[in-house]
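# Notes for the structure review
Each chain, letter by letter, is given below.
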Amino acid sequence: MPSPDPDTTPDLTTLRPRLPSPLQEPTDERFTRRGLRLLLKRDDLIHPELIGNKWRKLAPNLEAAAGRTVLTFGGAYSNHLRATAAAGRLLGLPTVGVVRGQELADRPLNPSLARCVADGMRLHFVDRSTYRRKSEPRTLAAVLRAADARDAYVVPEGGSNALAVRGCRALGEELRGRADVVAVACGTGGTLAGLAAGLAHGQRALGVPVLKGGFLEEDVRRLQTEAFGGPRGDWRLEDRFHFGGYARTPPELDAFAQDFEQRHAVPVERLYVAKLLYGLVALAEEGAFPRGTVLAAVVTGAPFSE
């Protein structure tokens with residue numbers, strides 16, 4: 001890839017990100033009575049529109065795009081699509097969102113996709129079979145042609161590529177020496193891959209997948225190999241807290257999130273953060289962490305307001 005032209009590379013410092021993000025310690029008896037400390041890594045406060053891991057993953061890719069159209073992928077409720085669209089508006093970059101589900105093209109836009117359009121993103125809907133094959137070179141080339149975006153800079157679904165993983169390494173570096181276990185909700189695995197690489201020796205990263213399927217371990221290893229040449233850090237996955245899959249938020253989970261918000265005055269994003277926090281409470285109750293353990297939960301997003 002050619003070096004970015006300094007005249008077209010967006011200056012992300014103009015967006016004034018709050019880095020490092022704050023680290024807060026709420027008092028929660030569900031942890032303290034078991035001799036545990038809970039810290040919240042408030043990545044949701046990095047930027048009001050490029051929230052949490054979206055900043056860490058998108059920033060290096062936006063710089064690499066060097067002013068070109070940015071094309072990326074997501075489902076109908078994708079946080080990543082909304083963040084990319086917001087970045088395009090803030091930085092003056094054209095964006096294209098390839099949306100899973102051709103059937104959605106003839107329906108009214110849901111609030112999430114409507115926000116993308118309002119931020120200037122051009123949507124291109126594809127059938128689910130094509131979407132599953134989007135990483136195949138021939139299929140990707142056909143999608144780019146159909147979307148009239150042949151020269152676009154392509155960011156994968158969820159923003160997880162080698163640049164994003166290296167960007168998320170800073171998250172781990174910011175937490176060195178601050179916690180024994182750092183937990184993060186996982187969609188495509190990029191944040192966990194970078195987080196684990198940035199932590200110090202003796203610290204562990206715990207990923208809580210929000211999708212079912214058991215495919216993430218292989219994906220995290222692949223991403224670390226692409227970013228760093230091989231495995232990095234001490235990490236594992238705990239896949240019992242997906243609540244049936246992505247965007248599944250049953251009443252039990254919503255009630256838990258509302259209770260956490262009332263206890264600590266922290267807004268809890270439902271698709272990722274609620275599942276992470278629920279999982280940590282459940283693991284604490286199971287005695288999964290020795291007394292004296294300091295846990296840090298990464299708050300990667302904020303609730304979507306229509």
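Structure first, text after, so check above.
Report on the accompanying structure. This structure is a prediction, so every number in the text was calculated from the model and none was measured.

This part is about the sheet that holds strand β8 (residues 204-209). Reading across from one edge, β1-β2-β10-β7-β8-β9 is the order of the six strands in this open sheet, with mixed pairing throughout. Either end of the sheet is taken by a strand with one partner, and the two such strands are β1 (23-24) and β9 (235-237). Bridge analysis of strand β7 (residues 181-186) against β8 gives six bridges, and the strand direction is parallel. Among the inter-strand pairings, V182 is bridged to a residue of β8, identified as A205.

On to the pairing of strand β10 (residues 294-298), then. Among the five residues in β10, five count as buried, and that is most of the element. Side chains V294, A296 and V298 project from β10 onto one buried face, and the interleaved L295 and A297 project onto a second face that is buried too. Alignment of strand β2 (residues 37-41) against β10, held across five bridges, turns out to be parallel. The residue bridging R37 from the neighbouring strand is V294, located in β10. Taken together, the three bridges between β7 and β10 define a ladder with parallel strand orientation. Looking at β10, one finds that V182 is bridged to A296.

Counted by the stated rule, this structure contains six aromatic pairs. A centroid spacing of 6.3 Å and a plane angle of 40° characterise the contact between F256 and F260, whose relative ring orientation is tilted. Here F256 and its partner F260 are both found in helix α10 (residues 251-264), four residues apart, which amounts to about one turn of the helix. Taking the relative accessible area as the measure of exposure, F260 reaches 1% and is therefore buried.

Moving on: the packing of helix α3 (residues 79-91) against helix α4 (residues 111-118). Relative orientation of the contacting elements α3 and α4 amounts to 20°, with a least axis distance of 8 Å. When the axes of α3 and α4 are compared, the pair comes out roughly parallel. Once α3 is placed against α4, the crossing between them reads as left-handed. Residues L81, R82 and A85 of α3 form the contact with α4, whose own contacting residues are S112, L113, R115 and C116.

In spatial order, the strands read β5-β4-β3-β6; together these four strands make up an open sheet with parallel pairing. Each edge of the sheet is formed by a strand with only one pairing partner; in this case those strands are β5 (122-126) and β6 (153-155). When strand polarity is set aside, the average angle formed by the axes of neighbouring strands in this sheet is 25°. Of the strand pairs in this sheet, strand β4 (residues 95-100) and β5 are connected by five bridges, and their pairing is parallel.

Reading the values: rules and limits
Residues numbered from 1 in each chain as written. Predicted model: local features only at pLDDT ≥ 70, side-chain atom pairs only at ≥ 80, totals over all residues. Heavy atoms only, no water. Pairing = 2+ DSSP bridges. Helix = DSSP H or I, 4+ residues; strand = E, 2+ residues; numbered from the N terminus. Buried < 20%, exposed > 50% of the residue type's maximum accessible area, 1.4 Å probe, protein only. Phe/Tyr/Trp six-rings, centres within 6.5 Å; stacked < 30°, edge-to-face > 60°. Axes fitted to C-alpha atoms, helices over the stretch in contact; angles between N-to-C directions. Parallel < 35°, antiparallel > 145°, perpendicular 65-115°, else oblique. Left-handed = near helix turned anticlockwise from the far one by under 90°. Contact = heavy atoms within 4.5 Å.

Function cannot be inferred from these measures alone, as they are strictly geometric.
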